[in-house]
Amino acid sequence: MRMTSRRARERERLVQRLREEGIRDPAVLKAIQETPRHIFVDEALSSRAYEDTALPIGFRQTISQPYIVARMTEALLAGGPLQKVLEVGTGSGYQTAILAGLTGLVYTVERIKPLLTQAQARFNYLGITNIRAKCADGLWGWPAYGPYQGILVAAAPMEMPQSFLKQLAVGGRMVIPVGASSSAQSLMVVTRTADDFEMKTLERVSFVPLVGE
Ligand code: SAH
């Protein structure tokens, strides 16, 4: 009991900080308040789970910084509710769990099998049932269930992949970091209109690379 309330307070402080950093969407802030990030990191790091920082999750990957998770989720949801969402790069599963609380159904793809297995165990533990996951090269998206109203990419390709654009529904949105080196990536929002793609840059970011097979 005491542990739980301490963590709830830590999450409260994190949410306050995200507010100060400009996150506005109440649904996103609520999801962060209610999602136990400490479940998504190694026990040895759990005391740092509510710092606003990326943390190692093994296999030279990281759980994204809460600010980035909040920013990307907010940008993805800015056009209204989303029924079907594709996430590329499950990692720890934290971003996936946040999306699952805010959208209808999440399809997530991860190339490192042990990470995916661990993430799925966490979804089960938390009783989250609206996530479908597979181990594959996410560079190809997950065409079988597309098009998606939302696509969130958690690793950075050097250029905008055509495969993702193809799987984005008309009226849908994609949030994706693009750039050649970790010091020169832009977080982009792509909106698909009836006959075009509108692209907007949100800010500079630093993601692990999207690795092709
Ligand atoms: N939002 C996640 C971030 C994980 S880091 C979290 O908060 O935990 C990005 C993830 O993308 C890593 O797990 C990495 O293995 C995965 N990734 C990189 N290239 C990929 C590819 N081509 N297909 C699928 N996943 C990929």
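Bear in mind the structure is a predicted one, so any value in this text is a computation, not a measurement.

### Overview of the overall build of the protein
Each helix and strand counted, the protein has six helices and nine strands in total. Here the C-alpha radius of gyration of the protein, 16 Å, is about what a compact globule of 213 residues would show, namely 17 Å. By its C-alpha atoms, the protein is 55 × 35 × 35 Å across when sized along the principal axes. Taken over 213 residues, the protein has a buried fraction of 52%. For the protein, contacts bridging at least 24 residues in sequence account for 53% of all contacts bridging at least 6. Per element, the accessible surface of the protein, about 10300 Å² overall, is 52% carbon and sulfur. With 25 positive and 20 negative side-chain charges, the protein shows a spacing of 4 Å between the two charge centroids.

### Points about helix α3 (residues 66–77)
Quick reminder: α-helices carry 3.6 residues per turn. Residues three or four places apart thus point the same way. An ideal rise of 1.5 Å per residue puts 16 Å on twelve residues; α3 measures up with 16 Å between its terminal C-alpha atoms. Counting buried residues in α3 gives twelve out of twelve residues, a clear majority hidden from the surface.

### Regarding helix α5 (residues 113–125)
The end-to-end C-alpha distance of α5, which contains 13 residues, comes to 18 Å, matching closely the 18 Å that a straight helix rising 1.5 Å per residue would cover. Residues of α5 that are buried: Leu115, Leu116, Ala119, Arg122 and Phe123. Considered in projection along α5, the buried side chains sweep an arc of 120° and stay on one side of the axis. The exposed residues of α5 that point more than 90 degrees off its buried face are Lys113, Asn124 and Tyr125. In the core, the buried residues of α5 are packed alongside β1 (55–58), β2 (61–63), α4 (94–102), β4 (105–110) and β5 (131–135). Immediately beyond the C-terminal end of α5, within one or two residues, lies Gly127, with a positive phi of roughly 70°.

### Here we look at the side chain of Glu110
Along the chain, Glu110 turns up in strand β4. For the buried Glu110, which has no salt bridge, the nearest side chain bearing the opposite charge is Arg111, at an N-O separation of 6.0 Å. One polar contact links the side chain of Glu110 to the main-chain amide nitrogen of Thr90, over a distance of 3.2 Å. For Glu110, the side chain forms a polar contact with the main-chain nitrogen of Gly91, separated by 2.9 Å.

Criteria and cut-off values
Residues numbered from 1 in each chain as written. Predicted model: local features only at pLDDT ≥ 70, side-chain atom pairs only at ≥ 80, totals over all residues. Heavy atoms only, no water. Helix = DSSP H or I, 4+ residues; strand = E, 2+ residues; numbered from the N terminus. Rg over C-alpha atoms; globule rule 2.2 N^0.38 Å. Buried < 20%, exposed > 50% of the residue type's maximum accessible area, 1.4 Å probe, protein only. Contact = heavy atoms within 4.5 Å. Areas by Shrake-Rupley, 256 points an atom, 1.4 Å probe, with all protein chains shown as cover. Lys, Arg positive; Asp, Glu negative; His and termini not counted. Charge placed at Lys NZ, Arg CZ, Asp CG, Glu CD. Expected span 1.5 Å × (residues − 1). Arc of directions from axis to C-beta. Salt bridge = Lys/Arg side-chain N within 4 Å of Asp/Glu carboxyl O. Polar contact = N/O pair within 3.5 Å; in protein donor to acceptor, adjacent residues only side chain to side chain.

Honestly, it's all geometry; don't read function into it.
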